[in-house]
Amino acid sequence: AGCCWRLISMTLLDLWLSRSIPMCLLLQSLVLMALCFPSASMCPKGCSCLRDPHLHGLNVTCSQSRLKEIPPNLPVDTVLLRLDHNQIGAVPDQAFRGLRLLRELNLSYNAVETLGEGSFSGIEGTLQVLDLSHNRITSVHRDAFARLKARIIVDDNPWHCDCALQQAIGGMAHNHEAAARVLCRSSELLDQEGRPFLAVDIDLCNLAKRTTDYAMLVTMFGWFAMVISYVVYYVRQNQEDARRHLEYLKSLPSKPKKPDDADDISTVV
């Protein structure tokens, strides 16, 4: 788009210099070009930015660009953003906060492993389609999708089915189809592995709480048993020491009575 802008502007300038067009028409043409073509500096490296007159914004395509992170300084008037088929490993909090016109976000075929609470902060009100398929997502924050109204695609991810995911799925009430496609690669319940997550009819959050309570109870019982064992050992050890000391005292020879003491007693009598 930047090369086209320069080419057309140079052509218009040449025409004005040759007096083929008036100055007012030249200025009007340059203004229209500035509105229709984004400058090259606005478009991230490795991406193409085309203005879509029907969407009143930019179509930013960064597919297959070997990106390892989400490009910074994306154009604020981005409407469609395609980041698919890259090597993006994380979606930082507020990564898309300035994109207030964003309608479609494609993050499929990347290496994203987890999603935080603010991964999609700032685009909840406008986003209509979110594609997260074919990533490496195992866990998400319980509120990662809570405020999104977009259609979410989450196929082919190695989900770990736990309390946080159950809460996140609960926040996708308007995305029942997407939730139905969440398969448990691993789970808090071994018999749920490989099954759809919606087939889990157990409250995993209460299960986790019960497991924690049980672990605390077992730990407290272990400490209590150890204290009782120590007290019993201490008492027995003291009894054994007292018995040995008493036997030692009994084994000592008795002290013989002195003859002088007996004479003194007789004299007194």
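Please refer to the structure higher up on the page.
Quick notes on the rules
Residues numbered from 1 in each chain as written. Predicted model: local features only at pLDDT ≥ 70, side-chain atom pairs only at ≥ 80, totals over all residues. Heavy atoms only, no water. Helix = DSSP H or I, 4+ residues; strand = E, 2+ residues; numbered from the N terminus. Buried < 20%, exposed > 50% of the residue type's maximum accessible area, 1.4 Å probe, protein only. Polar contact = N/O pair within 3.5 Å; in protein donor to acceptor, adjacent residues only side chain to side chain. Disulfide = S-S within 2.5 Å. Contact = heavy atoms within 4.5 Å. Arc of directions from axis to C-beta. Core = buried A, V, L, I, M, F, W, Y, C linked by side-chain atoms within 4.5 Å. Pairing = 2+ DSSP bridges. Axes fitted to C-alpha atoms, helices over the stretch in contact; angles between N-to-C directions. Patch = residues over 30% accessible without salt bridge, like charges linked within 9 Å, V, L, I, M, F, W, Y side chains within 5 Å. Areas by Shrake-Rupley, 256 points an atom, 1.4 Å probe, with all protein chains shown as cover. Salt bridge = Lys/Arg side-chain N within 4 Å of Asp/Glu carboxyl O.

## Digging into the overall build of the protein chain
In terms of regular secondary structure, the protein chain is built from 6 helices and 10 strands. Counting over 269 residues, the protein chain shows a buried share of 32%.

## Description of the side chain of Asn86
Examined against the element boundaries, Asn86 turns out to sit in the loop between strand E3 (78-82) and strand E4 (104-106). A polar contact of 2.9 Å, which involves the side chain of Asn86, links it to the backbone oxygen of Cys62.

## Re the state of the cysteines
Applying the stated criterion to the full structure yields 4 disulfides. The disulfide partner of Cys47 is Cys62, and the gap between their sulfur atoms is 2.0 Å. Measuring handedness by torsion sign, the sulfur bridge of Cys47 and Cys62 sits at about 110° and is right-handed. Here Cys47, found in the loop between helix H2 (23-36) and strand E1 (48-52), pairs with Cys62, found in the loop between strand E2 (57-61) and E3; they are 15 residues apart in sequence, far enough to count as distant. Here the cysteine-cysteine linkages of the protein chain are recorded as 1-3, 2-4, 5-7, 6-8, numbering only bonded cysteines and doing so in sequence order.

## Points about the side chain of Asn157
On the secondary structure map, Asn157 appears in the loop between strand E8 (151-153) and strand E9 (159-161). Take Asn157: its relative accessible area is 7%, and that puts it in the buried class. A polar side-chain atom of Asn157 sits 3.1 Å from the main-chain carbonyl oxygen of Leu132. If near-sequence neighbours (up to four positions away) are discounted, Asn157 is found in contact with Leu132, Ser133, His134, Asn135, Arg136, Ile137 and Leu183.

## Quick word on helix H3 (residues 163-170)
Side chains of residues three or four places apart in an α-helix project in the same direction, reflecting 3.6 residues per turn. Every buried residue belonging to H3 is among Leu165, Ala168 and Ile169, and all of these are buried. Summarising the axial view, the buried residues of H3 lie within an arc of 100°, below the 170-degree limit, and thus occupy one face.

## Notes on the nonpolar core
With 44 residues, the main nonpolar core has Leu83, Phe96, Leu105, Leu115, Phe120 and Phe145 as its most contacted residues. Of all the secondary structure elements, the ones that give two or more residues to this core are E2, E9, H3 and helix H4 (176-180). Considering each element in turn, this core owes the most residues, 3 residues, to H3. Not counting residues within four places of it along the chain, the set of residues in contact with Leu115 comprises Val91, Phe120, Leu132, Ile137, Ser139, Val140, His141, Ala144 and Phe145.

## Focus on the sheet that holds E1
Taking strand neighbours across the sheet as the criterion, the 6 strands line up as E1-E2-E3-E4-E6-E8 in an open arrangement whose pairing is mixed. Among the strands making up the open sheet, the edge pair consists of E1 and E8. Strand-to-strand twist across the sheet, computed as the mean angle between neighbouring axes with direction ignored, equals 15°. Where strand E6 (residues 129-131) meets E8, 3 bridges bridge the pair, whose relative direction is parallel. Across the sheet, the residue bridging to Val129 is Arg151, located in E8.

## Considerations on the pairing of E1
The pairing of E1 with E2 spans 5 bridges and is antiparallel. What sits directly across from Ser48, in E2, is Thr61.

## Here we look at the environment of Ala180
When you line up the elements, Ala180 lands in helix H4. Through-space distance from the C-alpha of Ala180 to that of Pro196 is 6.5 Å; in sequence the pair is 16 residues apart. Among all residues touching Ala180, those that are not within four sequence positions of it are Pro196 and Leu198.

## Looking at a nonpolar patch on the surface
Nonpolar side chains collect at one region of the surface, where Val227, Tyr230, Val231, Tyr233 and Val235 lie side by side and expose about 500 Å² of accessible area between them. Relative to the helices and strands, Val235 resides in helix H5 (residues 204-251).

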